[in-house]
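# Residue-level structure breakdown
Read off the chains here:
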Amino acid sequence: MAFGNDEFDLKQLVLYGGSFGPREIDQIRDVISTDVKKYEELKEIVNELKTKDDEERTPAEGVKLGVCQFLIGDYNSAFESLKKGDGGALAHFYFAKIHLANKRYEDAIAEYNTAQKAGYPDGVCALGRAETYREQGDLELSLQELDKLSGPIEQTAEYLYQRAATIDAIGGNIDEVVALYERALTVDKNHPGALFGLARENDRCGNDEEALNLYKRAASQFPTNLGTLVNLGILYEDLERYDLAQQCYQRVLEAYPTNKRARLFLKDSLESHNVRYDDDDIKKSNELNQTLNRSVAEFELSVRSRKTLEEMGVKTIRDLCKHTEADFLAYKNFGDTSLKEIKDLLGRHGLELGSQSPDKQRLDPYDAATLSPEEQQKLLLPVSQLNLSVRARRAMGRLEIQTIGELVSRSADELLDCKNFGITSLKEIREKLQQLGLKLKGD
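## Let's talk about helix H11 (residues 174–187)
The end-to-end C-alpha distance of H11, which contains 14 residues, comes to 20 Å, matching closely the 20 Å that a straight helix rising 1.5 Å per residue would cover. Looking at H11, one finds that the buried residues are Val177, Leu180, Tyr181, Ala184 and Leu185. Along the axis of H11, the buried residues cluster in a sector spanning 140°; they form a single face. Those residues of H11 that are exposed and aimed more than 90 degrees away from the buried face are Asp175 and Thr186. As for H11, its buried residues are in contact with helix H10 (157–170) and helix H12 (192–204). The residue sitting at the N-terminus of H11 and contributing the capping side-chain oxygen is Asn173; that oxygen lies 2.8 Å from the backbone nitrogen of Asp175.

## Quick notes on the packing of helix H7 (residues 105–117) against helix H8 (residues 122–136)
Relative orientation of the contacting elements H7 and H8 amounts to 170°, with a least axis distance of 9 Å. Comparing the axis directions of H7 and H8 gives the class roughly antiparallel. In this structure, H7 contributes Tyr105, Glu106, Ala108, Ile109, Tyr112, Asn113, Ala115 and Gln116 to the contact, and H8 contributes Asp122, Cys125, Gly128, Arg129, Thr132, Tyr133, Glu135 and Gln136. The residue makeup of the contact of H7 with H8, split by class, is seven nonpolar, five polar and four charged.

## Comments concerning the side chain of Ser409
Inspection of the secondary structure puts Ser409 in the loop between helix H25 (404–408) and helix H26 (412–416). In terms of polar contacts, Ser409 uses its side chain to reach the backbone carbonyl oxygen of Glu406, at 2.6 Å.

## Things to note about the pattern of salt bridges
Applying the stated criterion across every chain yields a total of 22 salt bridges. Note that Asp168 is salt-bridged to Arg200, the shortest N-O span being 3.4 Å. Remark: Arg200 occurs in helix H12 and Asp168 occurs in helix H10; sequence separation between them is 32 residues. Accessibility expressed as a relative area gives 14% for Asp168, which makes it buried. The salt bridge partner of Glu201 is Arg204, with a shortest N-O separation of 2.9 Å. With Glu201 and Arg204 both in helix H12 and three residues apart, this pair spans about one turn of that helix. Put simply, Asp203, Asp208, Asp238, Arg394 and Arg398 are held in one network by salt bridges that share partners.

## Comments concerning the side chain of Ser389
With respect to the helices and strands, the residue Ser389 is situated in the loop between helix H23 (373–380) and helix H24 (390–398). When residues no more than four places from it in sequence are discounted, the contact partners of Ser389 are Arg261 and Glu428.

## Comments concerning helix H6 (residues 89–101)
When the terminal C-alpha atoms of H6 are compared, their 19 Å separation across 13 residues agrees well with the 18 Å that a helix rising 1.5 Å per residue should span. Within H6, 11 of the 13 residues are buried, which leaves the element mostly enclosed by the surrounding structure. All of the buried residues along H6 are Ala89, Leu90, Ala91, His92, Phe93, Tyr94, Phe95, Ala96, Ile98, His99 and Leu100. Of the surrounding secondary structure, the elements contacted by the buried residues of H6 are helix H2 (22–34), helix H4 (59–71), helix H5 (75–83), H7 and H8.

## As for the environment of Gly21
Looking at where Gly21 falls in the secondary structure, it is placed in the loop between helix H1 (10–16) and H2. Assessed through its relative accessible area of 11%, Gly21 is described here as buried. Spatially, the C-alpha atom of Gly21 lies 21 Å from that of Gln155, the residues being 134 residues apart in sequence.

## Describing the packing of aromatic side chains
By the definition in use, this model includes 11 aromatic pairs. Taking 5.3 Å as the distance between ring centres and 75° as the angle between the ring planes, the aromatic pair formed by Phe70 and Tyr94 counts as edge-to-face. Of the two residues, Phe70 sits in helix H4 while Tyr94 sits in helix H6, which places them 24 residues apart along the sequence. Judged by its relative accessible area of 4%, Phe70 falls in the buried class. Judged by centre distance (4.2 Å) and plane angle (15°), the rings of Phe93 and Tyr120 are stacked. Placement of Phe93 in helix H6 and of Tyr120 in the loop between H7 and H8 is noted, with a sequence separation of 27 residues between them. Just as Phe93 is buried, Tyr120 falls in that class too. Each member of the aromatic cluster is reached from another via a ring pair, and the members are Phe70, Tyr75, Phe93, Tyr94, Tyr112, Tyr120 and Tyr256. The cationic tip of Arg391 hangs over the ring face of Phe265; the distance from NZ or CZ to the ring centre is 4.1 Å.

## Quick word on the confidence of the model for the chain
Per-residue confidence for the chain gives a mean pLDDT of 86; residues scoring 70 or more make up 91%. The least confident element of the chain is helix H22 (residues 358–363), whose mean pLDDT is 44; the most confident is H7, at 98. Of the regions scoring below 50 in pLDDT, residues 1–5 engages in 11 contacts with residues more than four places distant in sequence or in other chains. Here residues 275–279 is a poorly scored stretch, pLDDT under 50, and it has two contacts once near neighbours within four places are set aside; other chains count.

Rules behind the numbers
- Residues numbered from 1 in each chain as written.
- Predicted model: local features only at pLDDT ≥ 70, side-chain atom pairs only at ≥ 80, totals over all residues.
- Heavy atoms only, no water.
- Helix = DSSP H or I, 4+ residues; strand = E, 2+ residues; numbered from the N terminus.
- Expected span 1.5 Å × (residues − 1).
- Buried < 20%, exposed > 50% of the residue type's maximum accessible area, 1.4 Å probe, protein only.
- Arc of directions from axis to C-beta.
- Contact = heavy atoms within 4.5 Å.
- Polar contact = N/O pair within 3.5 Å; in protein donor to acceptor, adjacent residues only side chain to side chain.
- Axes fitted to C-alpha atoms, helices over the stretch in contact; angles between N-to-C directions.
- Parallel < 35°, antiparallel > 145°, perpendicular 65-115°, else oblique.
- Nonpolar A, V, L, I, M, F, W, Y, C, P; charged D, E, K, R; others polar.
- Salt bridge = Lys/Arg side-chain N within 4 Å of Asp/Glu carboxyl O.
- Phe/Tyr/Trp six-rings, centres within 6.5 Å; stacked < 30°, edge-to-face > 60°.
- Lys NZ or Arg CZ within 6 Å of the ring centre and 35° of its normal.
- pLDDT = per-residue confidence, 0-100.

If you want it as structure tokens, here you go:
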């Protein structure tokens with residue numbers, strides 16, 4: 001049920017209303033997510049409750065204050081307010097959610113158990129434990145909690161989301177994961193977890209427009225998922241909407257003032273906003289890409305050379321530059337005359353054989369002769385094996401880096417020259433490579 005008009009009396013519900021439980025909290029969440037004026041009103045109500053002395057505020061008001069502070073993302077204050085509450089099931093349930101948000105997993109599990117014993121719905125607490133186990137990395141326990149559940153709760157948006165997220169974390173069938181997220185959204189079109197999960201899947205597949213729309217919808221829900229805000233910020237950076245990206249990172253810092261990742265992302269975004277790209281450099285880069293993408297059929301070549309290129313599967317100048325002199329000379333009936341013809345063609349465009357060679361890119365700066373078979377195998381691995389963050393992964397795409405070998409052929413300065421690639425991403429890549437015993441060129 002959504003509320004987006006003045007008919008919903010938020011002040012009456014929080015300050016004067018009698019009943020205050022899951023139903024009323026869902027109403028508050030719905031209305032502040034669809035009406036920014038109501039969100040601002042809730043913040044004013046929170047301030048009004050905070051001005052009361054501890055003696056004036058009843059235990060029930062303490063719980064209301066804590067829950068409302070949680071909804072607007074003020075977790076630390078919410079925890080302190082709940083401690084002064086009535087100690088009931090609702091308070092313990094939100095203690096658990098705050099512990100989870102702050103990665104205090106054991107405490108979260110204990111509070112979900114306490115909330116359940118105090119009368120909070122069993123299934124809801126089980127879903128909370130399933131989420132906690134998943135975030136903790138214990139996927140087997142997470143799945144066990146979900147498998148124990150049966151009946152109407154299996155049709156709720158929260159259950160469908162939790163199962164989808166757990167199957168995704170396990171590495172299960174992606175079609176099943178997407179189907180579960182979509183089912184969750186048919187039950188609750190504004191479920192923040194399902195919106196984030198589906199947005200991330202679209203993000204992974206390169207469906208930027210759909211991912212952006214889903215992230216924006218998820219970001220309008222409260223409290224907002226940290227991953228939603230970070231990923232949305234990165235997408236905004238790609239669109240050069242640095243102002244909106246910075247708002248996303250600032251929202252993270254409002255809830256998590258010590259979050260180093262958001263702070264560094266904000267710094268990178270501010271620096272990116274001030275970058276001025278040289279028009280000549282951009283023009284040269286575009287011209288080079290246009291040349292590399294030209295078909296070899298456009299150029300005059302001898303019958304022998306043309307036939308050899310066709311048999312080798314060389315269709316573009318880029319394909320041609322991926323091969324070395326040795327590749328051609330080792331080819332049957334291909335001699336010095338044909339080699340000179342091809343080298344002259346490339347030379348007229350400022351190119352040379354091997355300049356786009358995967359072997360050269362993946363082994364530089366590592367000398368192949370000094371590498372063990374195991375080390376050479378590492379360089380052949382796809383860069384996706386590093387499990388990079390969204391921002392770093394997008395940079396790899398822009399730089400056309402497909403293997404770890406191609407990555408280690410780049411220097412830190414080369415990576416930092418890439419649009420929206422900052423110190424945070426550089427540090428992440430160095431740490432990932434270090435785990436493999438590798439490093440960037442020049443490091």
